[in-house]
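Read off the chains here:
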Amino acid sequence: MKLGRLNHIGIATPSIADSIAHYRDVMGATSISDEIILEDRGLKVVFVDTPTHSGMDGTQIELIEELNPGKTAITAFLAKNPAGGQHHVCFEVEDIDEARAHFEGLGKRILGPTIPGAHGTPIFFLHPKDMQGMLTEIMETPKGDH
């Protein structure tokens, strides 16, 4: 397995609208995606693109809000952090099955099955206690324009 680029940093927020305003008005973001509804997970997400001058893809900020407060994967996080904050980091890999086998072989705890992520590519999460305190998402490198 070979580490790929940092695809995004996940930010849990009680209000995507307020977070968009912050990234647009305070941070100067100009490229913000439409909302993506992940109905099966009770979440909505928006991606904020960071600029790049190198011609390579910039890292994104993933804003995550609960559709049904109190019943999602970010509920406990928001209970401890009511204003929101950094929830996870996401790294790309070329082959999600190879990456999963690699981490399993190292005895790292994988949280649940491999599922489709907001970019439409397979993802899984690694337990923060096995990843130097960070909830870590592993995603297969998106094909095409994501």
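Residues numbered from 1 in each chain as written. Predicted model: local features only at pLDDT ≥ 70, side-chain atom pairs only at ≥ 80, totals over all residues. Heavy atoms only, no water.

(A) Focus on the sheet that holds strand β2 (residues 36-38). Taken in spatial order, the eight strands line up as β2-β3-β4-β1-β5-β8-β7-β6 in an open sheet, and their pairing is mixed. Where the open sheet ends on each side, the last strands, each with one partner, are β2 and β6 (110-116). The mean angle between the axes of side-by-side strands here comes to 25 degrees, regardless of whether they run parallel or antiparallel. Summarising the sheet, strand β7 (residues 122-126) and strand β8 (residues 136-140) pair through four bridges and their orientation is antiparallel. Considered in β8, the bridge of Ile123 is made with Met139. Contacts from helix α1 (residues 16-26) reach β1 (6-12), β3 (43-49) and β4 (60-66), with the element oriented near 155 degrees to β4. (Pairing = 2+ DSSP bridges. Helix = DSSP H or I, 4+ residues; strand = E, 2+ residues; numbered from the N terminus. Axes fitted to C-alpha atoms, helices over the stretch in contact; angles between N-to-C directions. Contact = heavy atoms within 4.5 Å.)

(B) Fine view of a negative patch on the surface. Among the surface-exposed residues, Glu94, Asp95, Asp97 and Glu98 lie close enough to one another that they form a single negatively charged patch. As for its position among the elements, Glu98 is in helix α3 (residues 96-105). For Glu98, a relative accessible area of 43% translates into the label partly exposed. (Patch = residues over 30% accessible without salt bridge, like charges linked within 9 Å, V, L, I, M, F, W, Y side chains within 5 Å. Areas by Shrake-Rupley, 256 points an atom, 1.4 Å probe, with all protein chains shown as cover. Salt bridge = Lys/Arg side-chain N within 4 Å of Asp/Glu carboxyl O. Lys, Arg positive; Asp, Glu negative; His and termini not counted. Charge placed at Lys NZ, Arg CZ, Asp CG, Glu CD. Buried < 20%, exposed > 50% of the residue type's maximum accessible area, 1.4 Å probe, protein only.)

(C) A look at the packing of aromatic side chains. Using the criterion set out here, one finds one aromatic pair in the structure. Seen in terms of ring centroids, Phe103 and Phe124 are 6.3 Å apart; in terms of plane orientation they differ by 75 degrees. Their pairing is edge-to-face. Of this pair, Phe103 sits in helix α3 while Phe124 sits in strand β7, and the two are 21 residues apart along the sequence. Assessed through its relative accessible area of 1%, Phe124 is described here as buried. In this arrangement the basic side chain of Arg100 is found over the ring face of Phe124, its NZ or CZ atom lying 5.5 Å from the centre. (Phe/Tyr/Trp six-rings, centres within 6.5 Å; stacked < 30°, edge-to-face > 60°. Lys NZ or Arg CZ within 6 Å of the ring centre and 35° of its normal.)

These results come straight from atomic positions and should not be treated as a statement about function.
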